[in-house]
6 protein chains.
Amino acid sequence: MARVVTFGEFMMRLTPPGYQRFEQATSFEIQFGGAEANVAAGLTRMGLSCDYVTKLPVHAIGQAAFNELRRYGIGTSKIVRGGERIGTYYMERGAAQRSSQVVYDRKYSAFSQALVEDFNWDTIFEDDTKYFVFTGISPALSDNQVEIAKKAAQKAKERGITVCCDVNYRSKLWDTQKAGKIMSELLPYVDICIINEEHAKLLFGIVPSHEFIDGDNIKEEGYIQICNQILEKFKVKTVAITIRRTISANDNYFSAMLYSNAQMAFSRRYRIPIVDRIGSGDAFAAGLIYSVDQRKSLLEAVEFATASAVLAHSIEGDFPLNSCEEIENLANGMQNGRTQR
Amino acid sequence: MARVVTFGEFMMRLTPPGYQRFEQATSFEIQFGGAEANVAAGLTRMGLSCDYVTKLPVHAIGQAAFNELRRYGIGTSKIVRGGERIGTYYMERGAAQRSSQVVYDRKYSAFSQALVEDFNWDTIFEDDTKYFVFTGISPALSDNQVEIAKKAAQKAKERGITVCCDVNYRSKLWDTQKAGKIMSELLPYVDICIINEEHAKLLFGIVPSHEFIDGDNIKEEGYIQICNQILEKFKVKTVAITIRRTISANDNYFSAMLYSNAQMAFSRRYRIPIVDRIGSGDAFAAGLIYSVDQRKSLLEAVEFATASAVLAHSIEGDFPLNSCEEIENLANGMQNGRTQR
Amino acid sequence: MARVVTFGEFMMRLTPPGYQRFEQATSFEIQFGGAEANVAAGLTRMGLSCDYVTKLPVHAIGQAAFNELRRYGIGTSKIVRGGERIGTYYMERGAAQRSSQVVYDRKYSAFSQALVEDFNWDTIFEDDTKYFVFTGISPALSDNQVEIAKKAAQKAKERGITVCCDVNYRSKLWDTQKAGKIMSELLPYVDICIINEEHAKLLFGIVPSHEFIDGDNIKEEGYIQICNQILEKFKVKTVAITIRRTISANDNYFSAMLYSNAQMAFSRRYRIPIVDRIGSGDAFAAGLIYSVDQRKSLLEAVEFATASAVLAHSIEGDFPLNSCEEIENLANGMQNGRTQR
Amino acid sequence: MARVVTFGEFMMRLTPPGYQRFEQATSFEIQFGGAEANVAAGLTRMGLSCDYVTKLPVHAIGQAAFNELRRYGIGTSKIVRGGERIGTYYMERGAAQRSSQVVYDRKYSAFSQALVEDFNWDTIFEDDTKYFVFTGISPALSDNQVEIAKKAAQKAKERGITVCCDVNYRSKLWDTQKAGKIMSELLPYVDICIINEEHAKLLFGIVPSHEFIDGDNIKEEGYIQICNQILEKFKVKTVAITIRRTISANDNYFSAMLYSNAQMAFSRRYRIPIVDRIGSGDAFAAGLIYSVDQRKSLLEAVEFATASAVLAHSIEGDFPLNSCEEIENLANGMQNGRTQR
Amino acid sequence: MARVVTFGEFMMRLTPPGYQRFEQATSFEIQFGGAEANVAAGLTRMGLSCDYVTKLPVHAIGQAAFNELRRYGIGTSKIVRGGERIGTYYMERGAAQRSSQVVYDRKYSAFSQALVEDFNWDTIFEDDTKYFVFTGISPALSDNQVEIAKKAAQKAKERGITVCCDVNYRSKLWDTQKAGKIMSELLPYVDICIINEEHAKLLFGIVPSHEFIDGDNIKEEGYIQICNQILEKFKVKTVAITIRRTISANDNYFSAMLYSNAQMAFSRRYRIPIVDRIGSGDAFAAGLIYSVDQRKSLLEAVEFATASAVLAHSIEGDFPLNSCEEIENLANGMQNGRTQR
Amino acid sequence: MARVVTFGEFMMRLTPPGYQRFEQATSFEIQFGGAEANVAAGLTRMGLSCDYVTKLPVHAIGQAAFNELRRYGIGTSKIVRGGERIGTYYMERGAAQRSSQVVYDRKYSAFSQALVEDFNWDTIFEDDTKYFVFTGISPALSDNQVEIAKKAAQKAKERGITVCCDVNYRSKLWDTQKAGKIMSELLPYVDICIINEEHAKLLFGIVPSHEFIDGDNIKEEGYIQICNQILEKFKVKTVAITIRRTISANDNYFSAMLYSNAQMAFSRRYRIPIVDRIGSGDAFAAGLIYSVDQRKSLLEAVEFATASAVLAHSIEGDFPLNSCEEIENLANGMQNGRTQR
């Protein structure tokens, strides 16, 4: 059972019930999540051994977050306890033509204000760590976090750990210029890079040639161009691009492509009536790392990772709580939504 | 900030949770609404200054209704307090092929039994009122309300206030013959008339020529004919027709047309996965009055009013709690339901 | 008002709220149901007089189940009280590409362990019983239940009662071989047999000719072949086949065909955004028996039974709580999901 | 199993969750009840056969009320269906020094507007009715209801049915003068009269002598005086007086006395931490009638009726859903609130 | 109708349902409150005209807070909009021997980081302001808030506005030394000072003589000594001391004393089964200011203010949502918790 | 950090909300617990390292139970997965004079049907186990469980592990005769025995002398006699007796005594307004083992264990989720239920 270390913020998410707007709510559902923790939850359900590295306050709200990681079998022994606040975000479910809204209240969080010395990467990466996962969200939080990410990625690289990074640009946290600069410094440590075409363009100016763009859509050749540019620019080994088209807040198309060793594979394209979108990209990352660990073929890998992402849309909350068997069945075309009885 | 006076009943709506039938319910969600109050809520969010004129009992249930208007910034200083009951309706959400059901319990309400002398329109319309909004629901409630509507409309007309009326025929409240007669006496005071083709036919016998009807659908020319007949018959300045096609209880098409000064504009047609239909027509009215006040072009106006109606379908409860910016974005084709983060 | 006796287990169903997975749930919604009780609920709403025959423990949970039958006017005077457990099942609502999950906890239930002598069929069938309904679920529960089903069916046959059986194969309860053997012994007592093409194949090896199969679909001629084989093999008078195609957990196509006296009728085909699938097949059975009792034509009968099934998808819980009028309207194409106000 | 007919309004009660005030509520819990129906619910649980006679609208809200009676095994075959509204009341739970509040919305209800000819008492009282129960609430609702009560009581008397009446004066429904006059006309038909000392004073001017009043409390001799005056004035056979002292909204003392054949018995006095007070007086009435039917001694009867009332304070909603065994245990001093496991 | 200006933070309070601990919660109830806003809510219900002055972010969570003030009729026209965060606190209800827990997350809030120039006191205090209310909580939040409080108090003083301050020391926000120093600078501007004996001791070293202390209790003479020292030290006109004894988390004794013009009055002492303690001290302040405005006698004033505080314990959430009539009744000994029907 | 192994069933508890009776419930709250797991939860919060040994099915309901143990940091690596059912019990909260009701549905559970060979005690007790905890509930479940308990206790004894047993007689699971016989065979392996006077009498015929019984109460000398007899009979080292007096379902007195080395200590006596009684005895056991491990004095130990039990009454659900600090404060008389802010 391969050991994975994931690193990032772990947040409390507060969501009004049903489709209530923030102004209507008289209660919030409490969930806990965070891009990298979601990856850890996904990988744990696939049978890998995951440690989550973050910083959480010692008070009862921080403890509740800590418990949630334990509940789903994610390793918590490397978590640093301290700081004042848990990063919080408010999520209003969109419906139909109305978008979901996120209000961040994560500034001054224990994680964003963590110090470089809070994390001892030699201890964290013990002998047997095989994968290290981080995303572009942490370095967006503070200068300290930029340093921490660099140090962690460097240490991982030195130890021969496979490094996976989901670029995950968040416009509410930093601007494209700073993000582009910082991520350009981090990606050279990365083996597996997950990105979408919009972020490739906004952060790195990477765009396909004119002839491969067809209105809102990019042709297969265009995606290959994007991958090639990322490979060349950052020397990553594998690039995954997730492709989402939003029909409405509850109705998306989703597919993905994977590029490695000059080979490329596209997944099927799914139409998804959405329960909860948050965490689906992270489920993709989990599915991808699992596929790599299982030495799946490029096509099998992109189908499995995509199926993992698709099923995550059906789960309330951030954690992608599907079983490996459900994902395999969908990837193999055997899951059709029939009641199992 | 233009001042608007809207007039009508303000009701308590009791709804079983989720898709429960009345016979299954062990609790009701409480919402408050009413066609004209919904218009006021919509206009208030667009930045206009709205006073709502109604009659509410002094007891705690009446006070809760009163508070809900205050909560969303609607002016309550002209509300008359008294009477025994608050008009109530029970709403069972339909799903799929099963229709939503409404059970009215509004008879003997404080509003329906209000007296003509309860409302002093000179005080209500103070110097600066620019728009007066009423609908065909109030005069359906009692003979007193017919008198009150006439007096209000007449006073508004005398003061040069722009009068807007949504015909809003309700078959559970009166028959087409009485409704046709009374509305024919009221519409001559009206500047902006909102109606649909079914009510135009049922109340006034206004139908397009045979050649402009295509099965269940009416061609553009047919809608122009309907508008022309309304204009001629009642001397209104502007006619808006809302066009809805019901696929299922949760799935409707919606569009609209607007006709004024011998010009006509059609909005885009939306397909809407519905959260809550109630109040969407009122959101259209709000969007239309706002557009008039902002001196939008005919096409911009019908697109804005339609976008306002479309977004109201995504809101639980009667009040159309969208922001002006959300509506503008949808009207401009920029809102696509993507999560904002 | 024709009297119907239905016989089967009555279970408690525990369902996490919304789309929560079992592992996320902190509460269960309680519903009660069971294939045959669902038929009884449906028939009672259509105006027939139904007695439900089952065995329930005397403790408060058993009493709550008993009360639920009373609540909807189902006759409870023939229910045997005793035993230790009420059959229970846990139901996790699926969404999108994720299937609903059922965890059965019905072993050792009072009903499954009932004795042959618990039920006095002469008393149960009193003089005026016109229909007897059972399904293939009860004999799957225990050997005792096989004996009980045989005795009941035999007694009913002797009295000239019309016997209706929904084959309802459940793979979690028995295997196809045993099910095929037992059902083959029971169906000769049956007048009206409801089945789908998958169970016909799995239990009895009944399949249409190669040329009438088109990929996943069976042509009309194929369905006729299936019916003819069932008719010949078991000498039933009427065969109904329900046809479901699952697009996703929330989105199914549903139609049905009916075959009797060498005549055949197909219903319209509906696309259904699903609220709760459980009990829809039972609503079909109720609609079919009602149609037989009302001497509807074959086409009217299949349309009514199908409309009954379709509307049951919109109801939370197992009981198909639609009115006869709603079903007639849908069967006649007059119900379109518009709000009734 | 003695047959009982109870007669009165059956209402929907809407209650904010927990201790919310009406102005805070966003949902209502739905319960159904009414003084006389509560008696029927209590008697049914004690094993008597009860028919409830009332009038309920045919719409779905009326049907839900009807179902609730069926659910608990109360006979519904004599219920008249028709009228527009179901009587409704809003109940705000008090706490500590804040009183519970009731807002009635029962005017114009189907029951209050029922006609004398709606009820055929000869059919209702069939051969075997042994007890008839009504209260002073129904005649408070309308002049029709006064006539109906008189006719019913008279018919019952003629047939030798034991008539039980709880005086139950409600100051929000009528004044003491009218109540006194009407109840004085009705009580001569009554065999068992339940009253408290406050109503005896307000309606009939019946007060104990000065020397038997000790501050807020009445001495035993005083209660005997009250009973004697009622016996003499109205020729009833048995008088029960319930004695409540309110410490706070959640904390009451409760006891009772019973007087018959010149004998008197006092129950123990209980201190009760209250869950829901509504219906506790009705539980007393049920316990009293059951005791009479079981030919309990005067002391046993008052202890059983009091225990029934005490336990009803622990039940959410109006119906006193205790078992006969629980009441007997408490009456016998064997119930002490220990967990049964 | 006298105009009151209250000034302070307005916070979101998140509370687990029932008696759940933070670690158990899967949802939070949302309430809004703050010591000074609670005073405003109380005064508004007593009929005074209150403006609340605070700073709230413009985002939807800030807007929801804003709406809550509007809902209860509190003036919002002087509220400054801006900043990043709304002050938040988490509240875990205690029960029995377990204390309620508060986790503050109010650092970096818009209010705590407000600038001196955000508030124009000349505009805020317009001509007719009669009372200004602030507490010792605001200056505990930041140095800016100390300056703001001083400026406000000074301006109020200059205008002859009656200034009321509840000392309200919060040990989680600052230490006693700093609090003592700052409050000593602020109290000289104050006319009405509310404090308890613990804070008098901790902040100002004010203690009664030895002979007036009896174990945990202070004798009347001791309270007079405390008042006299406060009067002398800060030249306030009126001192109110609230006296609470905690038996358990749900069970407190509460009384108060009032001292002015060398006269003193003690209220009755209440035992209170608590629903929600938060806001009860603020309800006392509201009751006191109302009493001053109504020129009640010292005894009437302390009884009214105490009754206001007592009833606030029965209200869920921070706002003391009692009516003036309920308070008067309790103060006059006429409220006894009996159901009003 | 001492290692503890606790062994027993882990059950799902289903509870109607609030004070609803089973017959009223439309939902169940889900909690997980079991006497021995509750001890483990308590000890884990006190900082000991606890492994829970049980058997749970692999399906999702079993997994949810497993997750709950992980969530609170209880070791799950020794849990056996398999079997069909999770033991279930239904719990109806009592109130006032109405007792809580438990309906067990634990027969045929995976745990009750576990085999002796399912548990390898040598592996389970690894080198460093210091305490082993079991109760009299497991051997009540099946003959297998008697064997398992014997084997475990014997193995523990051999390894010098301190064995703790709470006698915990459950009359719904076995009779006193069988319980007396089996427990007499098990107690000789036990070092610390927890019991109450009722079970000592029912199972072992151990009663104090006549002169030490005073009505319902036993004098101190009586308790000493009981302890002495247990010590002599079973050679245990320490006996703890918990003493509960039930005033009502929500109101109990609780205290305890501890006897060891011919010394005895009595705790204070608490009056407890109860939130949830279940698990309070287990919290006592946890507190006792912790005290032993901390080498507290006899008096400190009984005060700490009692405080742990008292606080557990304030926690919803079975697990005693208090902190060690809260317990110490209460034991030291410093916790008084005041809000911490």
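An account of the accompanying structure is given in this report. (Residues numbered from 1 in each chain as written. Chains lettered and ligands numbered in written order. Predicted model: local features only at pLDDT ≥ 70, side-chain atom pairs only at ≥ 80, totals over all residues. Heavy atoms only, no water.)

The next point concerns the interface of chain B and chain A. Between chain B and chain A, the residue contacts involve 25 residues of the former and 26 residues of the latter. Carbon and sulfur atoms supply 45% of the area that chain B and chain A bury against each other, a total of about 2,300 Å² over both sides. Taken together, chain B and chain A are joined by two salt bridges. Across the pair Glu-326 of chain B and Arg-21 of chain A runs a salt bridge, and its minimum N-O distance is 2.7 Å. In this structure, the connection of chain B to chain A is made through eight residue pairs in polar contact (both at pLDDT 80 or more). Here the side of chain B that touches chain A gets four residues from one element, more than from any other, and that element is strand 17 (residues 270-273) of chain B. Classifying every residue of the side of chain B that touches chain A by side-chain character gives 10 nonpolar, eight polar and seven charged. (Contact = heavy atoms within 4.5 Å. Buried area = accessible area lost by both parts, 1.4 Å probe. Salt bridge = Lys/Arg side-chain N within 4 Å of Asp/Glu carboxyl O. Polar contact = N/O pair within 3.5 Å; in protein donor to acceptor, adjacent residues only side chain to side chain. Helix = DSSP H or I, 4+ residues; strand = E, 2+ residues; numbered from the N terminus. Nonpolar A, V, L, I, M, F, W, Y, C, P; charged D, E, K, R; others polar.)

Turning our attention to the packing of aromatic side chains. Two descriptors summarise a pair of aromatic rings, namely the distance from one centre to the other and the angle between the planes of the rings. Taken as a whole and judged by the stated rule, the model has 110 aromatic pairs over all chains. Judged by centre distance (5.4 Å) and plane angle (85°), the ring pair of Phe-7 of chain A and Phe-119 of chain A falls under edge-to-face. Of the two residues, Phe-7 of chain A sits in strand 1 (residues 3-7) while Phe-119 of chain A sits in the loop between strand 8 (101-105) and helix 3 (121-124), which places them 112 residues apart along the sequence. The burial state of Phe-7 of chain A is the same as that of Phe-119 of chain A; both residues are buried. When the centroid spacing of 6.1 Å and the interplanar angle of 70° are considered together, the rings of Tyr-223 of chain A and Phe-266 of chain A count as edge-to-face. Residue Tyr-223 of chain A is located in helix 7 (residues 220-234), and its partner Phe-266 of chain A is located in strand 16 (residues 263-266); the two are separated by 43 residues in the primary sequence. Across the pair, Phe-266 of chain A and Tyr-223 of chain A agree in class, each one buried. Among the aromatic residues, those joined into a cluster by ring pairs are Phe-7, Phe-111, Phe-119, Trp-121, Phe-125, Phe-132 and Phe-134 of chain A. The positively charged end of Arg-106 of chain B is found above the aromatic ring belonging to Tyr-104 of chain B, 5.0 Å away from the centroid. Across the ring face of Phe-66 of chain E, the terminal group of Arg-81 of chain E is positioned such that the distance to the ring centre comes to 4.9 Å. (Phe/Tyr/Trp six-rings, centres within 6.5 Å; stacked < 30°, edge-to-face > 60°. Buried < 20%, exposed > 50% of the residue type's maximum accessible area, 1.4 Å probe, protein only. Lys NZ or Arg CZ within 6 Å of the ring centre and 35° of its normal.)

This part takes up the relation of the copies chain B and chain A. Expressed as a screw transformation, the operator carrying chain B onto chain A has a rotation angle of 120° and an axial translation of 0.0 Å, and the superposed copies differ by an RMSD of 0.0 Å. These values place the two chain copies in the arrangement generated by a three-fold rotation axis. Within chain B, Gly-18 of chain B has its C-alpha nearest the rotation axis, a separation of 5.3 Å. (Least-squares fit on C-alpha atoms with pLDDT ≥ 70 in both.)

A few words on the sheet that holds strand 3 (residues 27-33) of chain E. Spatial strand order, 8(A)-7(A)-2(A)-3(A)-3(E)-2(E)-7(E)-8(E): eight strands in an open sheet with mixed pairing. One side of each edge strand has no neighbouring strand; the edge strands of this open sheet are strand 8 of chain A together with strand 8 (101-105) of chain E. Mean inter-strand twist for the sheet, computed between neighbouring axes without regard to direction, equals 30°. Here strand 7 (residues 88-92) of chain A pairs with strand 8 of chain A via five bridges, running antiparallel. Its bridge partner being in strand 8 of chain A, Met-91 of chain A is matched across the sheet by Val-102 of chain A. (Pairing = 2+ DSSP bridges. Axes fitted to C-alpha atoms, helices over the stretch in contact; angles between N-to-C directions.)

Across the contact, 25 residues belong to chain E and 25 residues belong to chain D. The contact between chain E and chain D buries some 2,300 Å² in all, and 44% of this surface belongs to carbon and sulfur atoms. Counting across the interface, chain E meets chain D through two salt bridges. If you look at where chain E meets chain D, you find eight residue pairs in polar contact (both at pLDDT 80 or more). The set of elements that each furnish at least two residues to the side of chain E that touches chain D consists of strand 17 (270-273), helix 9 (298-312) and helix 10 (324-331) of chain E. For the side of chain E that touches chain D, the per-class residue count stands at 10 nonpolar, eight polar and seven charged.

Turning to the pairing of strand 11 (residues 192-195) of chain D, a few remarks are in order. Residues and elements named next belong to chain D. Side-chain alternation along strand 11 places Ile-192 and Ile-194 on one buried face and Cys-193 and Ile-195 on a second face that is also buried. Pairing between strand 10 (residues 162-166) and strand 11: three bridges, direction parallel. From the neighbouring strand, Cys-165 faces strand 11, where its bridge partner is Cys-193. Following the backbone out of strand 10, through helix 5 (residues 176-186) and into the adjacent parallel strand 11, one traces a crossover that is right-handed. Judged from the four bridges that link them, strand 11 and strand 14 (residues 238-248) form a sheet pairing that is parallel. Paired with Cys-193 across the strands is Val-239, a residue of strand 14. (Right-handed = clockwise from strand over helix to strand, strands pointing away.)

Another aspect to go through is the pattern of salt bridges. Tallying each qualifying case throughout the model produces 167 salt bridges over all chains. Among the ionic pairs, Arg-98 of chain D bridges to Glu-92 of chain D, the shortest N-O distance being 3.6 Å. Of the two residues examined, Arg-98 of chain D and Glu-92 of chain D, each falls in the buried class. With a shortest N-O distance of 3.0 Å, Glu-185 of chain F and Lys-181 of chain F are connected by a salt bridge. With Glu-185 of chain F and Lys-181 of chain F both in helix 5 (residues 176-186) and four residues apart, this pair spans about one turn of that helix. The class of Glu-185 of chain F is partly exposed, set by a relative accessible area of 29%. Note on Lys-181 of chain F: relative accessible area 52%, which makes it exposed.

By secondary structure assignment, the location of Glu-29 of chain F is in strand 3 (residues 27-33). Spatially, the C-alpha atom of Glu-29 of chain F lies 9.8 Å from that of Met-91 of chain F, the residues being 62 residues apart in sequence. What Glu-29 of chain F contacts, discounting residues up to four positions off in sequence, is Thr-26 and Ser-27 of chain C together with Arg-13, Leu-14, Thr-15, Pro-16, Pro-17, Gly-18 and Arg-93 of chain F. Reaching out from Glu-29 of chain F, the side chain makes a polar contact with the side chain of Arg-93 of chain F at a distance of 2.9 Å.

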